[in-house]
Amino acid sequence: MATIDDKALPHVIVLFGATGDLARRKLLPGLLRLHEAGLMTDAQIVGTSLEEMADEDFVAFARDACEEFGKGDITDARWQTFGEMISYVSTKEGPHALADAVKLAEKKLQGAGNDVRRLHYLSVPPKAAQDVIRQLEEADLVERARIIMEKPFGTDLESAKELNAKIHEVFTEEQIFRIDHFLGKEAAQNILAFRFANGLFEPIWNRNFIDHVQIDIPETLGLEGRTAFYESTGAYRDMVVTHLMQVLAFMAMEPPTSLAPDPIGEEKNKVFRSIQPLDPRNVVRGQYSGYRGKNEVADDSDTETFIAMKVIIDNWRWAGVPFFLRTGKKLAEGARIISIAFKEPPLTMFPSNSGAGTQGPDHLTFDLADQSKMSLSFYGKRPGPGMKLEKLSMQFATQETSSATGVLEAYERLIHDAMRGDHTLFTTAEGIETLWKISQPLLDNPPPVRLYAPGSWGPNSIHQLIAPHAWRLPFERSWRETKKQ
Ligand code: BG6
């Protein structure tokens, strides 16, 4: 088994796709945060992408990115040491120039010899990944290296297998970190804590008590500079086969034998293997009106910017409990919730006008937002005469705990984990291949895209998909205002 270091060794981080959207929004601000948190002290960052630019230009680009998407003002004093850690080389200059840039960066580190690691972050689309792997081999940058692969990993089973085979020609499995940033979210890991560190909920976490589950991740965001990527990807590959399925696995898996990478990977893979191949009749694909008018989008584009589906898990724990998934761009609200609907009581002794059962079943809800929350809703008696019932809820927000400031953003945590060689929160080749396998009927035979108005909740047929249940969002009652500590 791979060893996990207590802390990150001296590192050169090579960022492929360094001028792309992800680098700007998440990776560069995340690296700054890790540096400032003392989790990445002896390190150098080499940015690389197709663009040609001087070191100073890339440093300025990185600073702008941190100013726009990072936390707080980036003063000269704050920027200085981090800015000095950054250099740039254009991918167009070829593998030898890249090798020279990495070696130069290594010389600037305090650590030396075998203690120095390389972390190659491939923030590139699936079709470019193989070229980068080849380039790393030619540049002789495989030794002492780990590699982070962005999702989606391939575009179907065949391409994922081919990509895995190509990477394995160059890197061992131990060196590969397939990232899914939803697994790095504090709230996603809290699902594991909540389920397996308490005796309260696990006994009811099954088909006897749970009616159905919703994993709902609507976004108000459009495509903001990512249209070309998205046009060849779509919502299913961008979000469902990746993030939503990973979250589903945390929610649905059996208790692992320990909280280590292999046992967790194995339990998640069992969930994926139990999912029935996706039936296109259980899927609604949507496209927002106006998408086809965009540059970089074909006039007859069939790419979905919205998807909702029913997923069936065929195992003893979940038989008969549908999981409803939904995500899309330009929707009415942005949210990331998992909502678990419990079965209703077998008989009601409350008078018909009491309100019992009229506001849906009891729910346990996880909000996967950066400031994560949880709530448990139930019927309680409205104070006053007679027996009138209303929906009440118990709510908890991590923001209100004393350790709220220690929260690492998902990418920060996962980059730090990869630097230490910890695979626990990364996806496995087997898991990804199984997910592509169950996706095949949908990929082969996608239902036609239906138009929806930007700012809506998706095409109308989403209600038929979930009937006789109803989508939890938009919430009837908003979350309680949380107090900051
Ligand atoms: C990314 C998708 O992986 O996740 C984006 O490519 C999506 O399309 C994003 O907007 C959502 O992530 P988060 O962390 O903002 O919920």
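It should be emphasised that the depicted structure is a prediction, and the values quoted were computed from it without experimental measurement.

Visitor: Where do I start with the side chain of Ser-461 in this structure?
Guide: Here Ser-461 lies in the loop between strand E15 (450-452) and helix H13 (462-466). Setting aside anything within four residues of it in sequence, one finds Ser-461 in contact with Val-284 and Arg-450.

Visitor: Honestly, the UniProt feature "active site" (unreviewed entry) in the chain in this entry has me stumped. Any pointers?
Guide: Following the UniProt record, one finds the feature "active site" (unreviewed entry) at His-243. Here His-243 lies in helix H9 (residues 234-252). Given the relative accessible area of 2%, His-243 is considered buried. Contacts of His-243, omitting those with residues within four sequence positions, involve Lys-151, Asp-180, His-181, Phe-182 and Asp-238. Within the local environment of His-243, its side chain forms a polar contact with the side chain of Asp-180, the two groups lying 2.7 Å apart.

Visitor: I keep staring at the site of the ligand and nothing clicks. Help me out?
Guide: The local shell around the ligand consists of Lys-151, His-181, Phe-182, Lys-185, Glu-219, Arg-226, Asp-238, Met-239, His-243, Lys-329 and Arg-336. A distance of 2.6 Å separates an oxygen atom of the ligand from a polar atom in the side chain of Lys-185. Within the side chain of His-243, one N or O atom sits 2.7 Å away from an oxygen atom of the ligand. Across the shell around the ligand, the residue classes break down as 2 nonpolar, 2 polar and 7 charged.

Visitor: Just to check I follow, could you spell out empty space enclosed by the protein for this structure?
Guide: Remark: the empty space left among the atoms is shown by a probe the size of a water molecule rolled over them. This structure, assessed with the given rule, holds 4 cavities of 30 Å³ or more. Estimates place the volume of the largest cavity at around 120 Å³. Taken together, 15 residues form the lining of the largest cavity, with Lys-151, Phe-153, Val-241, Thr-242 and Ile-432 sitting closest to its centre. Going through the elements one at a time, H9 and helix H12 (429-444) are the ones with two or more residues in the lining of the largest cavity. Split into classes, the residues belonging to the lining of the largest cavity amount to 8 nonpolar, 3 polar and 4 charged.

Visitor: I'm lost on helix H1 (residues 21-36) in this one. Help?
Guide: Helical periodicity: at 3.6 residues per turn, an α-helix aligns residues three or four positions apart in one direction. The end-to-end C-alpha distance of H1 is 22 Å, a good match for the 22 Å that 16 residues give at a rise of 1.5 Å each. The principal kink in H1, of about 35°, is found at Leu-27, preceding the proline Pro-29 by one to four residues. Of the positions making up H1, those classed as buried are Leu-22, Ala-23, Leu-27, Leu-28, Pro-29, Gly-30, Leu-31, Leu-32, Leu-34 and His-35. Contacts made by the buried residues of H1 are with strand E1 (11-16), strand E2 (43-49), helix H2 (55-69), helix H3 (76-84), strand E4 (117-122) and helix H11 (410-420). Remark: Gly-38 follows H1 within two positions and exhibits a positive phi of approximately 75°.

Visitor: Mind showing me how you'd approach the packing of H1 against H2 here?
Guide: When two helices pack together, their arrangement is given by the angle between their axes and by how far apart the axes lie. H2 packs onto H1 with a crossing angle of 95° between their chain directions and a minimal axis gap of 8 Å. One finds that H1 runs roughly perpendicular with respect to H2. Two secondary-structure elements touch here, H1 through Arg-24, Arg-25, Leu-28, Pro-29 and Leu-32 and H2 through Phe-58, Phe-61, Ala-62, Ala-65, Cys-66, Glu-68 and Phe-69. Per-class residue counts for the contact of H1 with H2 are 9 nonpolar, no polar and 3 charged.

Visitor: Looking at this model, I keep getting lost on the side chain of Lys-329. Mind explaining?
Guide: You can see Lys-329 is positioned in the loop between strand E10 (323-328) and strand E11 (337-342). For Lys-329, a relative accessible area of 3% translates into the label buried. At 2.7 Å, the side chain of Lys-329 forms a polar contact with the side chain of Glu-219. Among all residues touching Lys-329, those that are not within four sequence positions of it are Glu-219, Leu-221, Gly-222, Leu-223, Arg-226, Tyr-230, Asp-238, Tyr-288, Thr-305 and Tyr-452.

Visitor: When you look at the nonpolar core in this model, what are you seeing that I'm missing?
Guide: In a soluble, globular protein the nonpolar side chains are often hidden away together inside. Judged by nonpolar contacts, the single largest core of 143 residues is most densely connected at Met-40, Met-149, Phe-171, Met-309, Phe-323 and Leu-325. Broken down by element, the residue count for this core peaks at 13 residues, all from H9.

Visitor: Explanation requested: the layout of surface pockets in the structure shown.
Guide: In this structure, the second largest pocket encloses a volume near 520 Å³. In terms of lining residues, the second largest pocket is bounded by 28 residues, among which Gln-359, Gly-360, His-363, Lys-391 and Arg-472 are the most central. Secondary structure elements with two or more residues in the lining of the second largest pocket: strand E7 (210-218), strand E12 (363-367), strand E13 (373-381) and strand E14 (389-397). When grouped by side-chain class, the residues that make up the lining of the second largest pocket number 8 nonpolar, 13 polar and 7 charged.

Visitor: So what exactly am I meant to see when it comes to the pattern of salt bridges here?
Guide: If the charged atoms of two oppositely charged side chains come close together, the side chains can form a pair. Taken as a whole and assessed by the stated rule, the structure comprises 32 salt bridges. A salt bridge links Arg-78 to Glu-36; its shortest N-O distance comes to 2.7 Å. Of this pair, Arg-78 sits in helix H3 while Glu-36 sits in helix H1; the two residues are 42 residues apart in sequence, bridging distant segments of the chain. With a closest N to O distance of 3.5 Å, Glu-266 and Arg-273 form a salt bridge. The exposure class assigned to Glu-266 is partly exposed, which follows from its relative accessible area of 33%. What emerges from the salt-bridge pattern is a single network uniting Asp-21, Arg-25, Lys-151, Arg-226 and Asp-238.

Scoring rules and cut-offs
Residues numbered from 1 in each chain as written. Predicted model: local features only at pLDDT ≥ 70, side-chain atom pairs only at ≥ 80, totals over all residues. Heavy atoms only, no water. Helix = DSSP H or I, 4+ residues; strand = E, 2+ residues; numbered from the N terminus. Contact = heavy atoms within 4.5 Å. UniProt positions renumbered as here; feature names shortened; annotations may be inferred. Buried < 20%, exposed > 50% of the residue type's maximum accessible area, 1.4 Å probe, protein only. Polar contact = N/O pair within 3.5 Å; in protein donor to acceptor, adjacent residues only side chain to side chain. Near = heavy atom within 4 Å. Nonpolar A, V, L, I, M, F, W, Y, C, P; charged D, E, K, R; others polar. 1 Å grid on protein atoms, 1.4 Å probe; cavity = no way out; pocket = protein on both sides within 12 Å on 5 of 7 lines; lining within 4 Å. Points joined across faces, edges and corners; volume = space filled by probe spheres on them. Expected span 1.5 Å × (residues − 1). Bend = angle between axes of the 7 residues up to and from the residue. Axes fitted to C-alpha atoms, helices over the stretch in contact; angles between N-to-C directions. Parallel < 35°, antiparallel > 145°, perpendicular 65-115°, else oblique. Core = buried A, V, L, I, M, F, W, Y, C linked by side-chain atoms within 4.5 Å. Salt bridge = Lys/Arg side-chain N within 4 Å of Asp/Glu carboxyl O.

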